[in-house]
Amino acid sequence: MTCDPHWTAYIGALLVPTVALLGLLIAYRQWRTAQNKLKLELFEKRLAIYNAATAFISSVMSSGKATDEQLRNLILGTKEAKWILSPNIAKYLDEELYAKGVDLQCLSAELEGVPVSKERSTNVHEQRNIKLWLNDQYRILDEKFAEYLSISH
């Protein structure tokens, strides 16, 4: 007479693989949570850089001038771009956006005390062109940051 194993033997045999699968599932979920947390932290840092750039443009557009404080805030707010964004964006922020702000600041300083003349008109037109360029940068910033600020699940 053969003796069939008791049902508890089956459960005992399935218990170890079941616990292993459950442990694997828990580990996977923890890994996914850590990945999502990293994405959120990167998003927040990247958004802060984007906000610093747009705040600079907004303040220049509202005041009509680029002050030392505005330029300082731009540099401080975007200094991490080279580490958490692309080198192209960091170069754009430093060599284009900041440089245009410095150009505008210099032109504003040169304009003080200049009487109405061709030189003054040229200066005013150059400032106008920089301000128009800055206004266009809202769209450019959106395009450059879109890849880094889009949230996908």
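Anything mentioned here points back to the structure above.
Summarised in this report is the structure supplied together with it. Only a predicted model underlies this, so the values are computations on that prediction, with no experimental measurement involved.

### Considerations on the overall build of the protein
No. 1: Check the secondary structure of the protein and you find five helices and zero strands.
No. 2: What you see in the protein, going N to C, is helices and strands ordered as α-α-α-α-α.
No. 3: Over its C-alpha atoms the protein spans a radius of gyration of 29 Å, topping by over 25% the 15 Å that the globule rule assigns to 153 residues.
No. 4: The dimensions of the protein, computed from C-alpha atoms along their principal axes, are 120 × 25 × 20 Å.
No. 5: A fraction of 74% describes how many contacts in the protein between residues 6 or more apart in sequence connect residues 24 or more apart.

### Looking at the side chain of Ser86
No. 1: By secondary structure assignment, the location of Ser86 is in the loop between α3 (81-84) and α4 (87-111).
No. 2: According to the relative accessible area criterion, Ser86 is buried, its value standing at 16%.
No. 3: Those residues in contact with Ser86 that lie beyond four places of it in its chain are Ala81 and Tyr148.

### Structural notes on helix α5 (residues 118-149)
Every α-helix carries 3.6 residues per turn, so stepping three or four residues along brings you back to the same face.
No. 1: With 32 residues, α5 ought to run about 46 Å at 1.5 Å a step, and its terminal C-alpha atoms sit 45 Å apart, in line with that.
No. 2: Where α5 bends most, at Tyr138, the angle is about 35 degrees.
No. 3: Among the residues of α5, Asn123, Gln127, Ile130, Leu134, Gln137, Leu141, Phe145, Tyr148 and Leu149 are the ones counted as buried.
No. 4: The inward-facing, buried residues of α5 contact α1 (7-63) and α4.

### Describing the packing of aromatic side chains
No. 1: Taken as a whole and judged by the stated rule, the model has two aromatic pairs.
No. 2: Ring geometry for Tyr28 and Trp31: centres 6.0 Å apart, planes at 35 degrees, overall tilted. With Tyr28 and Trp31 both in helix α1, this residue pair falls three residues apart, about one helical turn.
No. 3: Their ring planes at 65 degrees and their centres at 5.3 Å tell us that Tyr50 and Phe145 sit as a pair that is edge-to-face. You can see Tyr50 sitting in helix α1 and its partner Phe145 sitting in helix α5, a full 95 residues away along the chain.

### Observations concerning a negative patch on the surface
No. 1: Taken together, the side chains of Asp103, Glu110, Glu119 and Glu126 define an acidic patch exposed on the protein surface.
No. 2: Counting only elements with at least two residues in the negative patch, the list comes to α4 and α5.
No. 3: Positionally, Glu126 belongs in helix α5.
No. 4: The class for Glu126 is partly exposed, based on a relative accessible area of 37%.

### Let's talk about the nonpolar core
No. 1: One finds Phe56, Leu85, Leu93, Leu97, Leu134, Leu141 and Phe145 to be the most contacted residues of the largest nonpolar core, which totals 26 residues.
No. 2: Counting residues per element, the ones that place at least two in this core are α1, α2 (68-78), α3, α4 and α5.
No. 3: Setting aside anything within four residues of it in sequence, one finds Leu134 in contact with Phe56, Ile57, Val60, Met61, Leu97 and Leu104.

### Some points on α4
No. 1: Between its first and last C-alpha, α4 extends 35 Å over 25 residues, near the 36 Å set by a 1.5 Å rise per residue.
No. 2: In α4, a bend of some 30 degrees at Leu93 exceeds every other bend along the element.
No. 3: Every buried residue of α4 is accounted for by Ile89, Ala90, Tyr92, Leu93, Leu97, Gly101, Leu104, Leu107, Ser108 and Leu111.
No. 4: Here the buried face of α4 lies against α1, α2, α3 and α5.
No. 5: Positive backbone phi, at 80 degrees, marks Gly113, one or two positions downstream of α4.

The rules behind the values
Residues numbered from 1 in each chain as written. Predicted model: local features only at pLDDT ≥ 70, side-chain atom pairs only at ≥ 80, totals over all residues. Heavy atoms only, no water. Helix = DSSP H or I, 4+ residues; strand = E, 2+ residues; numbered from the N terminus. Rg over C-alpha atoms; globule rule 2.2 N^0.38 Å. Contact = heavy atoms within 4.5 Å. Buried < 20%, exposed > 50% of the residue type's maximum accessible area, 1.4 Å probe, protein only. Expected span 1.5 Å × (residues − 1). Bend = angle between axes of the 7 residues up to and from the residue. Phe/Tyr/Trp six-rings, centres within 6.5 Å; stacked < 30°, edge-to-face > 60°. Patch = residues over 30% accessible without salt bridge, like charges linked within 9 Å, V, L, I, M, F, W, Y side chains within 5 Å. Areas by Shrake-Rupley, 256 points an atom, 1.4 Å probe, with all protein chains shown as cover. Salt bridge = Lys/Arg side-chain N within 4 Å of Asp/Glu carboxyl O. Lys, Arg positive; Asp, Glu negative; His and termini not counted. Charge placed at Lys NZ, Arg CZ, Asp CG, Glu CD. Core = buried A, V, L, I, M, F, W, Y, C linked by side-chain atoms within 4.5 Å.

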